[in-house]
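The residues making up each chain are set out below.
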Amino acid sequence: MIELIPAIDIIDGQCVRLRQGEYEQKTVYGEDPLAVARHFEELGFRRLHIVDLDGAKSKQIVNKEVLRQIAQGTGLTIDFGGGIKRDEDIEAAFDNGASMVTVGSIAVTDPERFTRWLRRYGPERIVLGADVRNGRISINGWKDDSHEELIPFLDNYIRQGVKNVLCTEISRDGMLSGPATELYKQVLEAFPELYLIASGGVAQTEDIFRLEEAGLPAVVFGKAFYEGRIDISRLPLPGSRKKVPSSPTKA
């Protein structure tokens, strides 16, 4: 069964979604991220992906208080990313309630630091963020493209112990155009034991089923849920405590 991971992206303390990572193309879906997170928990989700978009832009964690509130106010397992580039950033993420962190840019710009974190915290707590545009890894909140090609980039870090990868096809993120299923198939063909988390482009419930059929272990989604395109009643949510109608989350 594919793991279902809703996303909360934070700007100025609000729950938002961007189109292809463009901060100028922002839609606010909730002014209270804790209320949004609690709604996800009520629906039966067990894990939450939080992205500190302010942090990604400023290259250091900004919304650690939001993280702390959600960690203390819910029982969700939290995967947190955005702006984690220094030792104090990753420490702050874990100190404020993250169970896992997603790290992308630093794996490109400072590989020694990334591998040190991987050894210190363990591969179960470090998710390698692989944000892809035109086959290459993008960094710094998707503002800059690196020269790293996806498969060699992953191969290098998997050899060093990485087990979890969150892969976003940037051109599809926030576009409701469908996930990059063929890209994910290529990655899984190269690394069949990898816990690959698909991200970007989910537009409807059927997209989740297609990813599951393709062998994806997990999927992150946000905009499709907020806009009422995902039928929660059709999804297997073992954590559900009661039947809650499917609806966009507005806080």
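Up top is the structure these notes are about.
The paragraphs below set out a description of the structure included in this document. All values reported here derive from a predicted model rather than from experimental measurement.

Quick notes on the rules
Residues numbered from 1 in each chain as written. Predicted model: local features only at pLDDT ≥ 70, side-chain atom pairs only at ≥ 80, totals over all residues. Heavy atoms only, no water. Helix = DSSP H or I, 4+ residues; strand = E, 2+ residues; numbered from the N terminus. Buried < 20%, exposed > 50% of the residue type's maximum accessible area, 1.4 Å probe, protein only. Lys, Arg positive; Asp, Glu negative; His and termini not counted. Salt bridge = Lys/Arg side-chain N within 4 Å of Asp/Glu carboxyl O. Polar contact = N/O pair within 3.5 Å; in protein donor to acceptor, adjacent residues only side chain to side chain. Contact = heavy atoms within 4.5 Å. Axes fitted to C-alpha atoms, helices over the stretch in contact; angles between N-to-C directions. Left-handed = near helix turned anticlockwise from the far one by under 90°. Nonpolar A, V, L, I, M, F, W, Y, C, P; charged D, E, K, R; others polar. Arc of directions from axis to C-beta.

**As for the side chain of Lys 85**
Next, step 1: Within the secondary structure, Lys 85 sits in the loop between β5 (77-81) and α4 (87-95).
Next, step 2: Asp 89 provides the closest opposite charge to the buried, unpaired Lys 85, separated from it by 8.0 Å.
Next, step 3: A polar side-chain atom of Lys 85 sits 3.3 Å from a polar atom in the side chain of Ser 105.
Next, step 4: Non-local contacts of Lys 85, meaning those with residues more than four positions away in its chain, are made with Lys 59, Ser 105, Ile 106, Arg 113, Trp 117 and Asn 140.

**Structural notes on the packing of helix α1 (residues 33-43) against helix α3 (residues 64-73)**
Next, step 1: One way to put it is that α1 packs onto α3 with a least axis distance of 9 Å and a crossing angle of 35 degrees. As for how α1 packs across α3, the hand of that crossing is right-handed. Residue-level inspection shows Pro 33, Leu 34, Ala 37 and Arg 38 of α1 in contact with α3, the latter providing Val 66, Gln 69, Ile 70 and Gly 73.
Next, step 2: Its residues assigned to classes, the contact of α1 with α3 shows five nonpolar, two polar and one charged.

**A closer look at helix α9 (residues 205-213)**
Next, step 1: By the burial criterion, the buried members of α9 are Thr 205, Asp 207, Ile 208 and Leu 211. Down the axis, α9 shows its buried residues gathered within 160 degrees of arc, on one side only.
Next, step 2: Lining the buried residues of α9 we find β1 (3-11), α8 (181-190), β11 (195-199) and β12 (218-221).
Next, step 3: Gly 215 sits one or two positions beyond α9 and adopts a positive phi of about 95 degrees.

**Re α8**
Next, step 1: Considered for burial, the residues of α8 that qualify are Thr 181, Leu 183, Tyr 184, Val 187 and Leu 188. With its buried residues spanning 155 degrees around the axis, α8 presents them on a single face. Opposite the buried face of α8, by more than 90 degrees, sit the exposed residues Glu 182 and Glu 189.
Next, step 2: Looking at the buried side of α8, the elements it contacts are α7 (150-159), β10 (164-169), β11 and α9.

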